[in-house]
Amino acid sequence: MTDALKTFLTDLDLDIRAQGDWGQVADYIPELGRIDPAQFGIAVALPGGGMVSAGQARQRFSIQSVSKVFSLACVLGRIGEQIWTRVGREPSGQRFDSILALEHENGRPRNPFINAGALVTTDELLTGRAPKETLAEILGFLRAAAEDDDIHIDKAVARSEAATGHRNAALAHYLKSCDNLRNPPEITLGTYVHQCAIEMTCEQLARAGRVIAQLPGAPRMLTPLKARRISALMMMCGHYDGSGDFAFRVGLPAKSGVGGGILLIAPGQASIAIWSPGLDGYGNSRMGSHAAERLAHHMGWSVFG
Ligand code: GLN
């Protein structure tokens, strides 16, 4: 199976490069705005430790909102179900950085994957810990899951987002005004932008995702129930207001980031990381979504049978 998969991924990489319909990079974070959109990598981690990849699968990229999956995993490990008093688990139907629903819903964000919800998750992780220790916890989770210590934060990206992230600052202050932020907004925001600035390769991210896919041979860091719940949230909320379309096209739980990364989970079968930095109108990787659709159909992977 790995030889056939390797051939498929190599052909997919060539096709995508020939198509050249890359989308726009996320220039609202200036440091990400300088990246060439015409890039693509894909890595598939399989049960038992196998890894098949193609394109720029060993190039580091900014994981951005894909980090929200792992901060949620840390919070669930720490306080479990209590997190749901502070954040919901419904799709938002709105942009990732929208403030609209927050006022209607008294400062309880719809889910942990929109920015407002991720700010709350990070704020919860900061309880009793300094930002440095909180970031070490998230990095530690990723390193242990990927079985690779060479995973770091790109400080230039964090600084770049901190300098221009006025929408996130507005969200954090609004949460604070509703009593749903425990720390000073600057502290939660500073921690959040550093978490988003973690860089990984597709191969590292695919390996980290094995703990959610519950692949045989992966480190046992999540109970099956937690992994199922994280996957359910990824399916419903992982692509923001594009989540329905992604589920319709791909049929697998996934989480996107504005760095162009997608973590895709085929429960029990594979953990897949895809990177292409050009985005579609929802802020999701354009060619990454296309590749996810092609791979899922080719392999017959779907949670819908
Ligand atoms: N750091 C980014 C932001 O807050 C993450 C958003 C994303 O990846 N969708 O805007």
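Presented here is a report on the structure given in the accompanying data block. Here the residue numbers are simple positions, counted from 1 along each chain's written sequence. Given that the model is predicted, a residue must reach a pLDDT of at least 70 before its local features are reported, and side-chain atom pairs must reach 80 or more before they are shown or counted; all residues, however, enter totals for whole chains, interfaces and linings. The side-chain quantities take in all heavy atoms of the structure and omit both hydrogens and water.

Tyr-28, Gln-64, Ser-65, Phe-96, Asn-115, Glu-161, Asn-168, Tyr-192, Cys-196, Tyr-240, Gly-257 and Val-258 make up every residue found near the ligand. Polar contact criterion, stated in full: a pair of N or O atoms within 3.5 Å, where within protein one must be able to donate a hydrogen and the other to accept it, and residues adjacent in sequence count only if both atoms are side-chain atoms. Residue Asn-168 places a side-chain N or O atom 2.8 Å away from an oxygen atom belonging to the ligand. One of the backbone nitrogen or oxygen atoms of Val-258 is found 2.8 Å away from an oxygen atom of the ligand. In isolation the ligand has 300 Å² of accessible area, and contact with the protein removes 99% of it. Here the residues of the shell around the ligand sort into 6 nonpolar, 5 polar and 1 charged. Working definition: residue near molecule or strand if any one of its non-hydrogen atoms lies within 4 Å of it. Throughout, the Shrake-Rupley method with a 1.4 Å probe supplies accessible areas, and for residues the shown protein chains are the sole cover considered. The classification used treats Ala, Val, Leu, Ile, Met, Phe, Trp, Tyr, Cys and Pro as nonpolar, Asp, Glu, Lys and Arg as charged, and all other residues, Gly among them, as polar.

On to the nonpolar core, then. Definition used in this section: a nonpolar core is a set of buried Ala, Val, Leu, Ile, Met, Phe, Trp, Tyr and Cys residues joined via side-chain atoms within 4.5 Å. Using a 1.4 Å probe on the protein chains alone, a residue whose accessible area is under 20% of its type maximum counts as buried, one over 50% counts as exposed, and one in between counts as partly exposed. Within the largest apolar cluster, 70 residues are counted, with the highest numbers of intra-cluster contacts made by Phe-70, Ile-212 and Ile-230. Discounting chain neighbours no more than four positions away, the residues touching Ile-212 are Val-69, Phe-70, Leu-222, Ala-227, Ile-230, Ser-231, Met-234, Leu-263 and Ile-265. Membership of the second largest hydrophobic core comes to 28 residues, among which are Leu-12, Val-250, Ala-266 and Met-287. Contacts were defined at the residue level, with two residues in contact if any of their heavy atoms lie within 4.5 Å.

Any two of the Phe, Tyr and Trp rings considered here, Trp counted by its six-membered ring, make a pair once their centres fall within 6.5 Å; the pair's planes then place it as stacked at under 30 degrees, edge-to-face at over 60, or tilted in between. On inspection of all chains with the given rule, the structure shows 4 aromatic pairs. Taken together, a centroid distance of 6.1 Å and an interplanar angle of 40° make the contact between Tyr-28 and Phe-96 tilted. Residue Tyr-28 is located in the loop between helix H1 (2–19) and helix H2 (30–33), and its partner Phe-96 is located in the loop between helix H3 (67–79) and helix H4 (100–104); the two are separated by 68 residues in the primary sequence. For Tyr-28, a relative accessible area of 37% gives the class partly exposed. A relative accessible area of 3% places Phe-96 in the buried class. When the ring of Phe-70 is compared with that of Phe-141, the centres are 6.1 Å apart and the planes differ by 55°; the resulting orientation is tilted. With Phe-70 in helix H3 and Phe-141 in helix H6 (residues 131–146), this residue pair connects regions lying 71 residues apart in the sequence. Its relative accessible area of 0% is what places Phe-70 among the buried residues. Using a relative accessible area of 11% as the deciding quantity, one classes Phe-141 as buried. In this structure an aromatic cluster arises from ring pairing among Tyr-28, Phe-96 and Tyr-240. Helix numbers and strand numbers start at the N terminus; a helix is a DSSP run of H or I with at least 4 residues, a strand a run of E with at least 2.

Of note, Gln-24 is situated in the loop between H1 and H2. For Gln-24, a relative accessible area of 62% translates into the label exposed. Distance from Gln-24 to Ala-144, taken between C-alpha atoms, is 33 Å for residues 120 residues apart in sequence. Those residues within four positions of Gln-24 in sequence are excluded, and the remaining contacts are Pro-277, Gly-278 and Leu-279.

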